[in-house]
Structures are given as C-alpha cells and as structure tokens.
Amino acid sequence: MEAHDIRIRERILQKMEVLIDRIEFIERHLSDAVVSDRILRKALYKEFQEGVEAVTDISALVRRMLHSSAQDDYTNLDYLVTEEIIDPETGRDMKSANGLRNRLVHEYDGVNDHIAYAAMQRLMPRLRRFSEEVLIWLNADRI
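About the cut-offs
- By convention here, each chain's residues receive numbers from 1 onward along its written sequence.
- Whole-chain, interface and lining totals are the exception, using all residues; otherwise, since this is a predicted model, local features are given only for residues with pLDDT of at least 70 and side-chain atom pairs are given and counted only at 80 or more.
- As a rule here, side-chain values cover all heavy atoms of the structure and leave hydrogens and water aside.
- The numbering of helices and of strands both runs from the N terminus, where a helix is a DSSP run of H or I of at least 4 residues and a strand a run of E of at least 2.
- Buried means the residue's accessible area, taken with a 1.4 Å probe over protein chains only, is under 20% of the maximum for its type, while exposed means over 50%, and partly exposed covers the values in between.
- What makes two residues a contact is simply this: any of their non-hydrogen atoms within 4.5 Å.
- pLDDT measures how confident the predictor is about each residue, on a scale from 0 to 100.
- Helix axes are fitted only over the stretch in contact, all axes being lines through C-alpha atoms; the angle between N-to-C directions runs from 0 to 180 degrees.
- Throughout this description, any angle smaller than 35 degrees is read as roughly parallel, any larger than 145 degrees as roughly antiparallel, any in the 65 to 115 degree range as roughly perpendicular, and the remainder as oblique.
- With the far helix as reference, a near helix turned anticlockwise by less than a right angle produces a left-handed crossing, and one turned clockwise produces a right-handed crossing.
- Residue classes follow a fixed rule: Ala, Val, Leu, Ile, Met, Phe, Trp, Tyr, Cys and Pro count as nonpolar, while Asp, Glu, Lys and Arg count as charged, and any other residue, Gly among them, counts as polar.

Visitor: Hey, could you run me through the side chain of Gln49 in this one?
Guide: On the secondary structure map, Gln49 appears in helix α3 (residues 38-65). In this structure Gln49 comes out as buried when scored by relative accessible area, which is 16%. Excluding residues that lie within four positions of it along the chain, Gln49 makes contacts with Arg101 and Val105.

Shown next, in the form of structure tokens:
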C-alpha cells in the first residue's frame, strides 16, 4: 500500500471513530424525551449532524483512496454503491440521513420534532451498518 493510501486509510479510521462515537451517544440518549426536552433534542441533533458529516467525509475519502475525485455527497455515496463497498439500501439510507441532517442544520420549512425523532430512530441502525460495511471493505485482504 502506498504512503498516500495509508494516510487516507488513517483519516478514514479517525472519521469512523467519530461516527461510532456519535452513534453510541445517540443510541444511549434517544428517547421520547427528545420531543419535550429542548436541551436533549438540540444535543442529539448536533450529534446526528456530526455523525452524518463523518459519513460524507468517509465517502469522499474512500473515493480518493480509489483514486477517483471526490464529488458531492450524494454522488460519492452512489460511487460507494457502484464499487460494492456499501449495498444499495445503505446508500439510500445515507442519502436520507444526509437529507435529515440538512433539514436539522438549516431548519428547512421548520423542523417537526416528532418526524425528526422517528427518522433518527429508523436511521441509527443504518448508520451503524454503513460503518460496518466500510470497515469490512477497508480491512479486506486486498488492502
């Protein structure tokens, strides 16, 4: 493995640590209280935002590791699906997570906390699945 690839692999692993940390925090604290507790809600929204940003950073880094230019978040996720690093369902779920992240950050059309809470519940296992699929690829014999 070239020095360049080793550096990118290390960065992917650093971003993966961030992602897993955010997933574990959210899983420990995600409850119905999110809807009524503003402090908890804002903390979880921030953790979710950072977790999804780690996903998009990882996607761009994987693409660079494969000597392909990183592009926008959705195109990078499509590339990971095309290269069979993540499965198509995971790719769709990460696009949904990125859409939720954008709504939370930019408060497009306001944020319905009940819908955001339900979406986070649905997406947390999928974020973990993304991390597992990328780690499997990263640790494959060919690397």
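Visitor: Explain the confidence of the model for the chain to me, please; I cannot follow it from the model alone.
Guide: If pLDDT is low for a region, its predicted coordinates should not be looked at in detail. Looking at the chain, pLDDT values average 93 and 96% of them are 70 or higher. Across the chain, helix α4 (residues 73-82) holds the top mean pLDDT of 97, while helix α2 (residues 33-36) sits lowest at 91.

Visitor: So what exactly am I meant to see when it comes to the side chain of Glu133 here?
Guide: Mapped onto the fold, Glu133 is located in helix α6 (residues 113-138). Note on Glu133: relative accessible area 14%, which makes it buried.

Visitor: Sorry if this is basic, but what is going on with the packing of helix α1 (residues 3-29) against α6 here?
Guide: Between two packed helices, what matters for the description is the angle formed by their axes and the separation of those axes. Two elements in contact, α1 and α6, have axes separated by 10 Å at closest approach and are oriented at 155°. Considering their axes alone, α1 and α6 lie roughly antiparallel with respect to each other. Helix-helix and strand crossings are classified by hand; for α1 and α6 the assignment is left-handed. For the pair formed by α1 and α6, the contact residues are Arg9, Ile12, Leu13, Met16, Leu19, Ile20, Ile23, Glu24, Ile26 and Glu27 on the first element and Met120, Met124, Leu127, Arg128, Phe130, Ser131, Val134, Leu135 and Leu138 on the second. Residue composition of the contact of α1 with α6, grouped by class: 14 nonpolar, one polar and four charged.

Visitor: Help me understand unusual backbone geometry, please; the structure alone is not making it clear to me.
Guide: In this structure, His67 takes a positive phi of about 60° despite not being glycine. Along the chain, His67 falls in the loop between α3 and α4. The backbone of Glu84 sits at a positive phi, close to 60°, despite the residue not being glycine. Taking relative accessible area as the criterion, Glu84 reaches 70% and is therefore assigned exposed.

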